[in-house]
Amino acid sequence: MNTPDDTSLRQMVSLDKGLTVERTRLLSEADCRLIHEGSCRLLSETGVRVESDAAVRIFREHGAILYKDRIRIPRAMVERAVQQAANTIALHAKNPDNHITIDVNTPAIYFGTGGQALNVLHYENSEFVRKPATTRDLIEIVRICEQMDNVDFITRPVEPDVSEEEMDLTKTRILREYTSKHMNLANLVQTDNLPDIIETVGDPLLISFIASLTVSPLNLVSPTTDKFLKMVEHDIPVSISSCPQAGTTAPLSEIGELVQVNAEVLSAVVLANLVRSGARVFYRGIPISADLYSDGSPRWCQPESIRRVALITDLTYFYGIPCCGTAAVSDEKALNPQTVAEKTLSWVFEAASGAQFINSALGMLEQVLTVCPEQYIIDDMALTLIKQLFNQSPEYNVRELAETAVSEALGLFDVSVQPETAEDISDRIDFILTRQEDYSSETVNAGVELIQEAVESGRSSSKFMRAARTGLRSGWLYKGPRMEGSLDLTEVHNIRNDILAT
Amino acid sequence: MSDILEQIRKNVIEGRIDSADEGFDGDMAGEPGVIELVNRGLEDSLSPDTILNEAVSPGMEEVGRRYESGEYLIPDMLAAAECVSEATKILEPLLVDGDINSRGKFIIATVEGDLHDIGKNIVSTLLRGAGFEVEDLGVGIEAREVVNAVEKSQAKFLGLSALLTTTMGHMEEVIELLHENGLRDKIFVCIGGAPTSQEFAEKIGADLYGADAFDAINKLEAIA
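What you see is a predicted model, and the numbers here were worked out from it, not measured in a lab.

Draft legend 1. Region of the structure containing the overall build of chain B. Secondary structure assignment for chain B yields nine helices and five strands. For chain B, whose C-alpha radius of gyration is 19 Å, the value lies close to the compact-globule estimate of 17 Å for 224 residues. Within chain B, the proportion of its 224 residues that are buried is 50%. For chain B, restricting intrachain contacts to residue pairs at least 6 apart in sequence, the fraction spanning at least 24 positions comes to 66%. Each charge class in chain B was averaged separately, 18 positive and 44 negative side chains, and the resulting centres sit 3 Å apart.

This is how it looks when you write it as structure tokens:
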């Protein structure tokens, strides 16, 4: 909408160290318009529950309607905000060579770290041991990532183990000292600390944030929304992050989940642009799934989640809002062949989609709960390989490239792909590329109505799970084997030791 | 077994609360579900304990078997447990003392500052299906409010949920307040949620850690 120029939908253009690829589109313009229609219906008919009094006041002053405890946002307000939102965001770094620019008209792909992991895997006495993350871990990981060619920016990987009052400034000082790359501080622990953070870094262009202000379905929560308002007031770039889980906090249906996550992100895009027209916000939708085969935990790196996160990129291009991508958050708890395989598929499809400013792309295990120094090095090696494959074949076939990438990435760690593994990888790629549902007004409306029923019932997770039974039996959640075996990490350990010895 | 009892049993297995539910295959909307069938059974002069013991409970037992065998998944279990809960709501006031075996009262809440309710709701539903009397305080509940509810209700069990690292500390606050009010020895405290662990449960002095909803139910069924 913001940039109707169709050429930008097809061709990536390299910027700085960015990767140049031709976009693989999984949603057409017409599909995106259907999703947009459904999201506008949700926002105007159901609305979002907004906990922040300040945000409620801003919405109402500009024409949104407070009905019971929800803010209903008229379509015109949504479309005006989309037009107003910045379409170029400059992210500076201490070393000017590391500046990056996210521009919807000349897009480029950048990878960075991510997360707020609670645990770190440490290699001790020939085995990995899981321990709570500490300040020392934060320093070591940042030092390692500073040396990684494929880490274009640093999103704070773990919090320092200091008091809440000290957390914001401690992590800011650590990032300022140990990295020359752009610093994404992720969250703001205490709103009042923002001026001190800006003073500590000197130049506000050096930092950005992620605001996870939505709780699905359709809630903008406090205090994150109040922190978000402060970030926008200070004109600091911020990614609007929404991460519903299909089957528990959103419909299992891909269409239904997209309609919902899009409405959630757009509600915050509206709020940001009411505070500051031309707000520098990224669209970060992470429509993953819930593991309805076992305990309902999130599935970040399974085929349906990889596909849905890639579909979000199409929506960001449709709107012309800078994209904050998400990739390679492994569901595995350990460094193993399955981790490498699922991460590789995620990188390939997220890059092929044309996602930019790709967060969480290195180091992450066990959904978002754990990181590991060695995993950053493994991921950097694999990303080098993937970039080489894209660069070797600008007219790439995404299926062939993905198969080759998985096989060669595993080969880096002395794992050969057996026939049964090759079959599973092929099945996963098929699943990512295959549309399970028809995109039509009927299917979009069915999604909207389920979300409305779920919100009105007050027991949304129960509604979504009950409704998921049919989709589960239709195969909407991938089911397949996982790879066994181990990786040869001799070189990885050596790299880690060399970096930390200096 | 009468036709109506068999229909109730089948609908519990299928997890169809009412006639609006389409069922597994999406083709059963309009057919009576558990609520309509239980009411019809009562109109046909079936006794509440017959409906409960010969249709509802056997249906749920079959669901448990299918879940154990892998044929059924979480949503199927949840849907069936909701059917049991709805049937119980209709039948319980009509039962005479001794007809229903409650495993005890269970208070459940998501702690202060945390609005996540999925885990709590799944556990609540499964607890009701397993015969516990559940009082759900909701989300974002302050320690004082939890302790007041415990004091007022004389519940045997307390379940606390948190999904955020920044809110899990409130679980310890609740336990400390229970101690201060002389209630700690009278209640069995269970905790769960993504950032929690067995180690954390031991650290804060909780009695039971549920790695997920089913782990919690299995452990509780073993002791209640």
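Draft legend 2. Here's a closer look at the sheet that holds strand S9 (residues 182-184) of chain A. All names here are of chain A. An order of S8-S9-S10-S13-S15 is seen for the five strands of this open sheet, with the pairing classed as parallel. Only two strands of the sheet have a single neighbouring strand rather than two, namely strand S8 (153-155) and strand S15 (281-285). If you compare each strand with its neighbour and ignore which way they point, the axes differ by 20° on average. Strand direction decides the pairing type here: S8 and S9, joined by three bridges, are parallel. Across the sheet, the residue bridging to Thr-155 is Asn-184, located in S9. Relative to strand S13 (residues 238-242), helix H7 (residues 224-233) is tilted by about 155°, and along the sheet it contacts strand S10 (207-211), S13 and S15.

Draft legend 3. Representation of the sheet that holds strand S16 (residues 288-290) of chain A. Residues and elements named next belong to chain A. Pairing is mixed in the open sheet, where three strands are placed in the order S14-S16-S17. At either margin of the open sheet sits one strand with a lone partner, and together these are strand S14 (245-246) and strand S17 (298-299). Sheet topology places S16 next to S17; two bridges connect them, and they run antiparallel. If you follow Ser-289 over to S17, its bridge partner there is Arg-299.

Draft legend 4. Representation of helix H9 (residues 303-319) of chain A in the model. All names here are of chain A. Taking 1.5 Å per residue as the helical rise, H9 with its 17 residues ought to reach 24 Å, and the 25 Å between its terminal C-alpha atoms agrees with that figure. By the criterion of burial, H9 is predominantly enclosed, with 17 of the 17 residues buried. Two residues or fewer after H9 comes Gly-320, characterised by a positive phi angle close to 70°.

Draft legend 5. Seen up close, the packing of helix H1 (residues 3-14) of chain B against helix H2 (residues 34-43) of chain B. Residues and elements named next belong to chain B. Contact geometry for H1 and H2: axes closest at 9 Å, N-to-C directions at 160°. If you check the angle between H1 and H2, you find them roughly antiparallel. Taken as a pair, H1 and H2 cross one another with a handedness that is left-handed. Residues Ile-4, Gln-7, Ile-8, Asn-11 and Val-12 of H1 touch H2, and the partners they reach there are Val-34, Leu-37, Val-38, Arg-40 and Gly-41. Of the residues that constitute the contact of H1 with H2, the class distribution is six nonpolar, three polar and one charged.

Draft legend 6. Structural detail: the pattern of salt bridges. Residues and elements named next belong to chain A. Going through the model one piece at a time under the given rule, you end up with 38 salt bridges over all chains. Between Glu-484 and Arg-482 there is a salt bridge; the shortest N-O distance is 3.3 Å. Among the charged side chains, a salt-bridge network with shared partners connects Arg-136, Glu-140, Glu-374 and Arg-496.

Draft legend 7. Up close: the packing of aromatic side chains. Counted according to the given criterion, the structure contains 11 aromatic pairs over all chains. The interplanar angle of 85° and the centroid separation of 5.6 Å between the aromatic rings of Phe-132 of chain B and Phe-157 of chain B together place this pair among those described as edge-to-face. Linking Phe-132 of chain B in the loop between helix H5 (118-129) and strand S2 (133-141) with Phe-157 of chain B in strand S3 (residues 157-161), this pair joins segments that are 25 residues apart in sequence. Members of the aromatic cluster, each reached through a chain of ring pairs, are Phe-106, Phe-132, Phe-157 and Phe-188 of chain B. One residue, Arg-23 of chain A, lies across the ring of Tyr-317 of chain A, its end atom 3.8 Å from the ring centre.

Draft legend 8. Just the packing of H9 of chain A against helix H13 (residues 419-433) of chain A, in detail. All names here are of chain A. Running from N to C, H9 and H13 point in directions that differ by 35°, and their axes come no closer than 8 Å. Pair H9 / H13 crosses with right-handed handedness. Listed contacts from H13 to Pro-303, Glu-304, Ile-306 and Arg-307 of H9 are Arg-428, Phe-431, Ile-432 and Leu-433. Class assignment of the residues belonging to the contact of H9 with H13 gives a composition of five nonpolar, no polar and three charged.

Parameters and conventions
- Residues numbered from 1 in each chain as written.
- Chains lettered and ligands numbered in written order.
- Predicted model: local features only at pLDDT ≥ 70, side-chain atom pairs only at ≥ 80, totals over all residues.
- Heavy atoms only, no water.
- Helix = DSSP H or I, 4+ residues; strand = E, 2+ residues; numbered from the N terminus.
- Rg over C-alpha atoms; globule rule 2.2 N^0.38 Å.
- Buried < 20%, exposed > 50% of the residue type's maximum accessible area, 1.4 Å probe, protein only.
- Contact = heavy atoms within 4.5 Å.
- Lys, Arg positive; Asp, Glu negative; His and termini not counted.
- Charge placed at Lys NZ, Arg CZ, Asp CG, Glu CD.
- Pairing = 2+ DSSP bridges.
- Axes fitted to C-alpha atoms, helices over the stretch in contact; angles between N-to-C directions.
- Expected span 1.5 Å × (residues − 1).
- Parallel < 35°, antiparallel > 145°, perpendicular 65-115°, else oblique.
- Left-handed = near helix turned anticlockwise from the far one by under 90°.
- Nonpolar A, V, L, I, M, F, W, Y, C, P; charged D, E, K, R; others polar.
- Salt bridge = Lys/Arg side-chain N within 4 Å of Asp/Glu carboxyl O.
- Phe/Tyr/Trp six-rings, centres within 6.5 Å; stacked < 30°, edge-to-face > 60°.
- Lys NZ or Arg CZ within 6 Å of the ring centre and 35° of its normal.

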